[in-house]
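Take a look at the letters that make up each chain.
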Amino acid sequence: MLGADLSPFFRRGEFASEAQLAGVAVLGIFDNPHVPVELGMGVASTNPTFLLATVEVPLDPIDRELVHQGMAYRIAAHEPDGTGASILILERMA
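What you see is a predicted model; the values in this text were computed from it and never measured.

The rules we used
Residues numbered from 1 in each chain as written. Predicted model: local features only at pLDDT ≥ 70, side-chain atom pairs only at ≥ 80, totals over all residues. Heavy atoms only, no water. Helix = DSSP H or I, 4+ residues; strand = E, 2+ residues; numbered from the N terminus. Core = buried A, V, L, I, M, F, W, Y, C linked by side-chain atoms within 4.5 Å. Buried < 20%, exposed > 50% of the residue type's maximum accessible area, 1.4 Å probe, protein only. Contact = heavy atoms within 4.5 Å. Pairing = 2+ DSSP bridges. Axes fitted to C-alpha atoms, helices over the stretch in contact; angles between N-to-C directions. Polar contact = N/O pair within 3.5 Å; in protein donor to acceptor, adjacent residues only side chain to side chain.

Phi at Asp60 is positive, roughly 50 degrees, even though this residue is not glycine. Despite not being glycine, Asp63 shows a phi value in the positive range, around 75 degrees. In this structure, Asp63 sits in the loop between strand E5 (49-53) and strand E6 (65-68).

As structure tokens, this is what we get:
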């Protein structure tokens with residue numbers, strides 16, 4: 001539902017954890033599943049994402065940094081879902 005209070009969903013200790021998004025503390029759900037890659041041999045990659053309230057996403061988030069548990073990621077894409085939540089597609093920074 002658009003405009004719904006998402007704070008219970010992003011409560012720390014339930015599902016959410018804290019990250020630094022462009023230097024600002026935010027709560028969200030980090031996911032980093034392994035994804036098989038078809039290269040003719042057994043290879044896997046990861047697809048890290050961070051789900052958070054859309055109001056917490058800065059304007060023009062692409063290429064900004066998100067730090068989660070000491071690991072830095074570059075925001076490759078921002079996908080708002082129209083319900084007040086957004087998924088940030090991340091790339092691990094070297």
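Core analysis: the biggest nonpolar cluster contains 11 residues, these being Ala19, Leu21, Val26, Phe50, Leu52, Val57, Leu66, Tyr73, Ile75, Leu88 and Leu90. Not counting residues up to four positions away in its chain, the partners in contact with Leu21 are Val26, Leu52, Glu56, Val57, Pro58, Glu65, Leu66, Ile75 and Leu88.

Attention now goes to the sheet that holds strand E7 (residues 71-80). Spatially, E1-E2-E5-E8-E7-E6 is the arrangement adopted by the 6 strands of the closed barrel, whose pairing is antiparallel. For this sheet the average axis-to-axis angle between neighbouring strands, irrespective of direction, equals 45 degrees. In the sheet, E6 pairs with E7 via 4 bridges, with the strands oriented antiparallel. Within the sheet, the bridge partner assigned to Leu66 lies in E7 and is Tyr73.

Turning our attention to the side chain of Ser86. Along the chain, Ser86 falls in strand E8 (residues 85-92). Its relative accessible area of 0% is what places Ser86 among the buried residues. Polar contacts involving the side chain of Ser86 include one to the side chain of His78, which spans 2.9 Å. Once residues lying within four places of it in the same chain are set aside, the contact partners of Ser86 are Phe50, Leu51, Leu52, Thr54, Val57, His78, Glu79 and Pro80.

Counting buried residues along E5, 4 of its 5 residues qualify, which places the element largely inside the surrounding structure. With 3 bridges connecting them, strand E2 (residues 24-31) and E5 associate as antiparallel partners. Counted as the bridge partner of Phe30 is Phe50 from E5. Strand direction decides the pairing type here: E5 and E8, joined by 5 bridges, are antiparallel. In the sheet register, Leu52 faces E8, and the bridge partner there is Ser86.

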